[in-house]
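Take a look at the letters that make up each chain.
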Amino acid sequence: MSDPVVVEGLSRSFGTLVAVSDVSFRVHRGEIFGLLGPNGAGKSTTLRMLCGILDPSAGRATVVGFDVAKEPERVKQNIGYMTQRFSLYEDLSVEENLNFYAGVYGLRRRERRARIPAELERAGLTDRRDQIAGTLSGGWKQRLALVCATIHEPPLLFLDEPTAGVDPVSRREFWAHIHRIASAGTTVIVTTHYMDEAERCHRLAFIFRGSLLDIGTPTEIIKRRNIRVAVITTSNVGRAVDLLTPYPSVDEVAPFGDRLRVATLDAVDPIALAREVLGQSPGVLDAREIVPNVEDAFVAMVHSEARAGAGS
Amino acid sequence: MNRMLSIAWKEMIQARRDRLTMGMMVGIPIIQLLLFGYAINTDVRNIATVVYDQDHSEESRGFVRRMEATGFYDVVGHVKSYEEIGIALRSRDAMVALVVPPRFGAEVEAGRAAQLQLVVDGSDPQVVASATDTAMSLAAARSSVLTIERLQRLGQPVSAPTQVIALEPATWYNPDLRTAVFIVPGLVGVILTMTLVMFTAMAIARERERGTLEQLIVSPIRSGELTVGKILPYIAVGYLQMTLILVVGSLVFDVPIVGSIPLLYLLSVFFIAASLAVGLFFSTLAKTQQQAMQMSFFFLLPNILLSGFMFPWEAMPAPARWLSTILPLTHYLRVIRGIVLKGASLAELSSELVWLAGLTLVLIIVVSMRFQKKLG
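Quantities reported herein were computed from a predicted structural model and do not represent experimental measurements.

**Q** Would you explain the overall build of chain B in this entry?
**A** When its secondary structure is counted, chain B shows 14 helices and five strands. Computed over C-alpha atoms, the radius of gyration of chain B comes to 27 Å, more than 25% over the 21 Å expected from 2.2 N^0.38 for 376 residues, which places it beyond the range of a compact globule. The dimensions of chain B, computed from C-alpha atoms along their principal axes, are 95 × 55 × 40 Å. In chain B, which comprises 376 residues, the share counted as buried stands at 51%. Long-range pairs, those at least 24 residues apart, make up 79% of the contacts in chain B with a sequence separation of at least 6. A total accessible area of about 17900 Å² is found for chain B, and carbon and sulfur atoms account for 65% of it. Each charge class in chain B can be summarised by its mean position, and for the 31 positive and 28 negative side chains these summaries are 12 Å apart.

**Q** What's the story with the domain arrangement of chain B in this structure? I'm lost.
**A** Put simply, an interface is often sized by how much accessible area is lost when its parts join up. All names here are of chain B. Split by domain assignment, chain B resolves into domain 1 (47-172) and domain 2 (178-370). Listed per partner, the contact involves twelve residues of domain 1 and 15 residues of domain 2. Both faces considered, domain 1 and domain 2 share a buried interface measuring about 1200 Å² in area, 56% of it formed by carbon and sulfur atoms. Interface area lost by domain 1 to domain 2 is led by R90, R92 and S123, which between them contribute 48%.

**Q** Explanation requested: the packing of helix α10 (residues 261-285) of chain B against helix α13 (residues 328-342) of chain B in the structure shown.
**A** Any two packed helices are characterised by how steeply their axes cross, that is the angle between the axes, and by the distance between the axes. Residue and element names in this part refer to chain B. The contact between α10 and α13 brings their axes to 10 Å, and the two run at 165°. Between α10 and α13, the crossing angle belongs to the class labelled roughly antiparallel. Like other packed secondary-structure pairs, α10 and α13 cross with a definite hand, here left-handed. When α10 is examined against α13, the residues L263, L264, L267, S268, F271, A274 and V278 are found in contact with a partner set consisting of P328, L329, Y332, V335, I336, I339 and V340. Classifying every residue of the contact of α10 with α13 gives 13 nonpolar, one polar and no charged.

**Q** I'm lost on empty space enclosed by the protein in this one. Help?
**A** A water-sized probe, rolled over the atoms, reveals where empty space remains. Counting across every chain of the model gives five cavities of 30 Å³ or more. As for the largest cavity, its lining consists of 15 residues, of which R92, G308, L333, R334 and R337 of chain B are closest to the centre. The dominant element in the lining of the largest cavity, judged by the number of residues it contributes, is α13 of chain B, at six residues. The class makeup of the residues in the lining of the largest cavity is five nonpolar, five polar and five charged. Counting residues domain by domain, the lining of the largest cavity receives three or more from each of domain 1 (47-172) and domain 2 (178-370) of chain B. The computed volume of the second largest cavity comes to approximately 50 Å³. Along its surface, the second largest cavity is lined by Y81, M82, F86, S87, Y101, A145, C148 and A149 of chain A together with Q215 of chain B. Those elements that provide at least two residues to the lining of the second largest cavity are β6 (79-83) and α5 (138-150) of chain A.

Parameters at a glance
Residues numbered from 1 in each chain as written. Chains lettered and ligands numbered in written order. Predicted model: local features only at pLDDT ≥ 70, side-chain atom pairs only at ≥ 80, totals over all residues. Heavy atoms only, no water. Helix = DSSP H or I, 4+ residues; strand = E, 2+ residues; numbered from the N terminus. Rg over C-alpha atoms; globule rule 2.2 N^0.38 Å. Buried < 20%, exposed > 50% of the residue type's maximum accessible area, 1.4 Å probe, protein only. Contact = heavy atoms within 4.5 Å. Areas by Shrake-Rupley, 256 points an atom, 1.4 Å probe, with all protein chains shown as cover. Lys, Arg positive; Asp, Glu negative; His and termini not counted. Charge placed at Lys NZ, Arg CZ, Asp CG, Glu CD. Domains from an automatic or database assignment. Buried area = accessible area lost by both parts, 1.4 Å probe. Axes fitted to C-alpha atoms, helices over the stretch in contact; angles between N-to-C directions. Parallel < 35°, antiparallel > 145°, perpendicular 65-115°, else oblique. Left-handed = near helix turned anticlockwise from the far one by under 90°. Nonpolar A, V, L, I, M, F, W, Y, C, P; charged D, E, K, R; others polar. 1 Å grid on protein atoms, 1.4 Å probe; cavity = no way out; pocket = protein on both sides within 12 Å on 5 of 7 lines; lining within 4 Å. Points joined across faces, edges and corners; volume = space filled by probe spheres on them.

Below, the structure is given as structure tokens:
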């Protein structure tokens, strides 16, 4: 079976603004694929084109075998879509919401009668099925929205910043559920700017100012940036930041309480550099090198783009 | 003081950025002024009149000419029976009919009293007074002229009746000229316009505001299914409201329902459809529920003032009448008053139905062109 999502040279402009520019990638079946990027980078625009609700200006995309520009309605029948707004009817009860979306996706009465109680049970919503959706907490709303988006058992699920405004515990549960769905064979495409969420994806695509900067597993992406990170304790954090920031091999210096997080480019040793720059005062009281994470890679990539932009 | 001014300043900026609100602030006073000052006129002129002349004498033709010369009557045709007068009045081709009896001219010539009849449509009480008064004074004036002529010819007093030409007014439909009879059926139309336009205009804006519209757009639902599904419940609401007003109107205000109730319910679907189409059109324009509400309110104004609900349509200047023909309510008022008060038949109302259907069709085409299942 071919890849459920194939994107080739996809672009979209709004007037003179180029929101997405020449993006290409493939998503494999059963994969959790993350679109990562800052706000306004073009993640949601890309997602909307893949859902068939926004026409591409150039390029093409095939979703579950259908061209998004030519057969958007066939695409829509085969996808689930959930946004950060959850799109529930706040004045309908939990069960009424599910019933409505099941109907919109063309589920027959008999299918609905069988599936809705099962889905409610699976999401732990059975006790709350008569509760008005607007009175649910963020985490429960999110669960309900996910059930609504997957009630027709789509082979492909789109999640647009699905955990915005949800507490950390609910977020963890949500991701555990997403992994269960994926291991059952559903392909998931998720946009996020939460780095901890990005690390939970099988593969990531970095989007910045409408362009695809990098694509790969979180480990591959971090490795390719060739950065090293150290946590340094110093006597004067503010002064240390001012001293370290101008160095070209320093990618970023970020204060964390009484400590500093120093990221260096081109595999430069961050601890040696800090000792040399900070000298006796404010000095390096304690230093420990740590493994770079997706956030470090992301920041490095954005900085390098900004430098390239400034240089050209 | 400073804090208060900050609030006022912020309020001004927000009002200026909201183009619709700004437009309404300027537009409503101007349009109100124009409508009230220019279009609203209770002095009816150019009342459509038919003539049933059974005499065809010089005297009868002269009377019709003098009627037209007053500017109050506009002779739109001649009829050959009381039956045809009924048809003309029910289909609203005319509001007044002049009936000239046989041998009218000969009787007047002979100096004997002769009687004309003026049939007036009483379903709009405001028209009745001006319609009859003018004709009455015309008859009195002509009588005086005839009497003086006769005196001069004979040179001596004659034992002729003081008023040679008597005019007998006859009010058909609502003979007691009760305002409730005129207002209640019209109110059905006004209330349907108000609620149906507002409900549908807000229904889509609400989905847009809450983000559920996007969820529907990514679903396989078709535009048609969404649109029709949205308006179906409101058609039922429309019928419920109509039933309520008619039942209360007949029980409390004793408004008779002369015509066929099934016909009324059947034909009302044309108007309900037109109102819902207007609402849907607004919903494609409005981004928020508030805007939808403002548009509906804005739409309601000309409907109340120009449709003939409160002020006689006949009294309006031509531009106001042209404008009113594109309002569904103008046509529906004729349908519902025609059926409820005059017992009009389907054939007599056909031109209004063609208008309503045409307006609905145009709006539906515009709406489906504007409502695409796409973003951006």
